[in-house]
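Architecture at a glance
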Amino acid sequence: MKILLVGGTGIISTAVSKSIINAGHELWTLNRGSASSRIPSGAHVITADINDTSTVSSLLKGEFFDCIADFTVQSPEQIDRDYSLFAGKTKQYIFISSSCVYQRPLSHYILTEASPVCNPYWDYAQRKIACENRLMDIYRSCDFPVTIIRPGHTYDDRWLPLCISGSHGGYCIIKRMLAEKPVIIPGDGTSLWTLTHNSDFARAFLGLIGNPYALGETVNISSDEVMTWNQIYQTIADALGVHLKPFYVSSMFLHQAGPYDFKSCLLGERVQSAVFCNDKLKRLVPGFQAQIPFRTGIRDTLNHILTNPDLQEEDPTFDAWSDSLVSTLTHAADELKKAFPSPL
């Protein structure tokens, strides 16, 4: 198959690119070239800004693809842009949405593609919902061959999957754990969550490319392994060979204590128990099963980060904020104990 990826250098799209090449398909990529080193050898590389529609249209003149997948779309206007560029040029157009589109608070912790979508906490989720709606309108009215994919929380060897962290891929949390400093976990760490290795995502994605039964469908892609955030952080600490020191703080307090906007990602996604049902994916891709358990994938991630200095970027603001938060709340608890001694 001849496949065009718009983007192709992110957490999930890098793995997809490699899977396409390894499967013997013809890969084309279209991006601005800022991370060209992540594009696998053998790909046809088009360096251009997708928003420069006249240039892109000229570069793709006469080309036709079995599948075009855009990993960069964030707004309905960009959906319209892609339709104008790619209508009549592909047998399948794949839009990468997100599992954060599902209703928050959840009406039920098990999420299927038919679960309600409505997330008032996060503008990113609202934009993805608007994109899905616009795309399905085009599918129904213009027969544009659409497949919508909702990835779960996906990680790779460059980015630590955490409930909260500063910037730079979570290295600051690794450093805090290695120093056996308290690590902030929102809530009490008992909410259920799922993490998916990007190579597992890519195998599922490859099974949907060129699949006629996926047209007009919305499909979850996630692992079936369900863990609490306590288990996730403990697995990371175990892989590092250190003792985990969790420090629990309510999600709303974390948001109010700034300087970070934690309300979006916490109340809008990660602290509410969610188990993603992959039954539709397994019907469309018979035999698919996520193969990399978190305890294995996270060891590879930690090893890659700790052996690559360019991934070890400091985040002194988040580190200092974490220390201050722990100190302030510990002091407040001590003062309350003094003011209100136990009646027993």
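See the structure shown above.
In this report, we go over the structure that sits alongside the text.

Rules and cut-offs
Residues numbered from 1 in each chain as written. Predicted model: local features only at pLDDT ≥ 70, side-chain atom pairs only at ≥ 80, totals over all residues. Heavy atoms only, no water. Buried < 20%, exposed > 50% of the residue type's maximum accessible area, 1.4 Å probe, protein only. Helix = DSSP H or I, 4+ residues; strand = E, 2+ residues; numbered from the N terminus. Pairing = 2+ DSSP bridges. Axes fitted to C-alpha atoms, helices over the stretch in contact; angles between N-to-C directions. Contact = heavy atoms within 4.5 Å. Phe/Tyr/Trp six-rings, centres within 6.5 Å; stacked < 30°, edge-to-face > 60°. Lys NZ or Arg CZ within 6 Å of the ring centre and 35° of its normal. Salt bridge = Lys/Arg side-chain N within 4 Å of Asp/Glu carboxyl O. Disulfide = S-S within 2.5 Å. Parallel < 35°, antiparallel > 145°, perpendicular 65-115°, else oblique. Nonpolar A, V, L, I, M, F, W, Y, C, P; charged D, E, K, R; others polar. Expected span 1.5 Å × (residues − 1). Core = buried A, V, L, I, M, F, W, Y, C linked by side-chain atoms within 4.5 Å. Left-handed = near helix turned anticlockwise from the far one by under 90°.

A short note on helix α6 (residues 198-208)
- Listed as buried for α6 are Asn-198, Asp-200, Phe-201, Ala-202, Ala-204, Phe-205 and Leu-208.
- Once α6 finishes, Gly-210 follows within two positions and takes phi at roughly 75°, a positive value.

Regarding the sheet that holds strand β12 (residues 226-228)
- If you walk across this open sheet you meet the 3 strands as β8-β10-β12, and the pairing is mixed. Lying at the two open borders of the sheet, with one neighbouring strand each, are β8 (153-155) and β12. If you compare each strand with its neighbour and ignore which way they point, the axes differ by 45° on average.
- Examined bridge by bridge, strand β10 (residues 192-197) and β12 share 3 bridges and lie antiparallel to one another. Paired with Leu-192 across the strands is Thr-228, a residue of β12.
- Against the sheet, helix α7 (residues 229-240) contacts β8, β10 and β12, and its axis sits at roughly 85° relative to β12.

Brief notes about the packing of aromatic side chains
- Throughout the structure, instances matching the rule amount to 14 aromatic pairs.
- Ring centres of Tyr-93 and Phe-144 lie 5.2 Å apart, and the angle between their planes is 35°; on these two criteria the pair is classed as tilted. Placement of Tyr-93 in strand β5 (residues 93-96) and of Phe-144 in the loop between α4 (123-142) and β7 (146-151) is noted, with a sequence separation of 51 residues between them. When sorted by exposure, Tyr-93 lands in the same class as Phe-144, which is buried.
- Taken together, Tyr-102, Trp-193, Trp-229, Tyr-233 and Phe-276 form an aromatic cluster joined through their ring pairs.
- Above the ring of Phe-65, the side-chain terminus of Lys-2 is found at 5.0 Å from the ring centroid.

Observations concerning the sheet that holds strand β11 (residues 217-221)
- The strand order across the open sheet formed by 7 strands is β3-β2-β1-β4-β5-β7-β11, and the pairing between neighbours is parallel. Looking along the sheet, the strands with just one partner apiece sit at the ends: β3 (44-47) and β11. Here the strands of the sheet are splayed against their neighbours by 20° on average, with no regard to which way each runs.
- Sheet topology note: the strand β1 (residues 2-6)/strand β2 (residues 26-31) ladder contains 5 bridges and is parallel. For Lys-2, the partnering residue across the bridge sits in β2 and is Glu-26.
- The strands touched by α4 are β5 and β7; relative to β7, the strand with the most contacts, the crossing angle is about 160°.

Concerning the pattern of salt bridges
- In the structure shown here, the tally under the stated rule is 18 salt bridges.
- The partner of Lys-91 in a salt bridge is Asp-66, and the shortest N-O contact between them spans 3.3 Å. Of this pair, Lys-91 sits in the loop between α3 (76-86) and β5 while Asp-66 sits in the loop between α2 (53-59) and β4 (67-70), placing them 25 residues apart in sequence.
- A salt bridge links Arg-81 to Asp-82, with the shortest nitrogen-to-oxygen separation between them at 3.0 Å.

Some points on the state of the cysteines
- Scanning the entire structure with this criterion turns up 0 disulfides.
- The thiol sulfur of Cys-67 is not disulfide-bonded, and the nearest other cysteine sulfur, from Cys-131, lies at 17 Å.
- In this structure Cys-163 is not part of a disulfide, and its nearest cysteine sulfur, from Cys-265, lies 7.0 Å away.
- Its relative accessible area of 1% is what places Cys-163 among the buried residues.

Side note on the packing of helix α5 (residues 171-178) against helix α11 (residues 294-306)
- Relative orientation of the contacting elements α5 and α11 amounts to 95°, with a least axis distance of 11 Å. In terms of axis orientation, α5 runs roughly perpendicular to α11. When α5 is examined against α11, the residues Tyr-171, Ile-174 and Leu-178 are found in contact with a partner set consisting of Leu-302, Ile-305 and Leu-306.
- Looking at the contact of α5 with α11, its residues break down into 6 nonpolar, no polar and no charged.

Concerning α4
- The terminal C-alpha atoms of α4 lie 28 Å apart, and with 20 residues this matches the ideal 28 Å at 1.5 Å per residue to within 8%.
- Within α4 the residues assigned to the buried category are Ala-125, Lys-128, Ile-129, Cys-131, Glu-132, Leu-135, Met-136 and Ile-138.
- Against the buried residues of α4 lie α3, β5 and β7.
- Of the residues one or two after α4, Asp-143 is the one with positive phi, at around 60°.

Describing the nonpolar core
- With 49 residues, the main nonpolar core has Met-177, Tyr-233, Ile-236 and Leu-254 as its most contacted residues.
- Of all the secondary-structure elements, those providing two or more residues to this core are α5, β9 (183-186), β10, α7, β13 (246-249), α9 (262-270), α11 and α12 (316-339).
- No other element matches α7, which puts 6 residues into this core.
- Those residues in contact with Tyr-233, other than ones at most four positions away along the chain, are Leu-162, Cys-163, Ile-164, Met-177, Val-183, Ile-184, Ile-185 and Leu-244.

Quick notes on the packing of α7 against α11
- Put simply, α7 and α11 touch, their axes get as near as 10 Å, and they point 55° apart. Considered as vectors, α7 and α11 are oriented oblique to each other. In this structure, α7 crosses over α11, and the sense of that crossing is right-handed. Residues Ile-232, Thr-235, Ile-236, Asp-238, Ala-239 and Leu-240 of α7 pack against Phe-294, Arg-295, Ile-298, Arg-299, Leu-302 and Leu-306 of α11.
- Taken together, the residues of the contact of α7 with α11 break down into 8 nonpolar, 1 polar and 3 charged.

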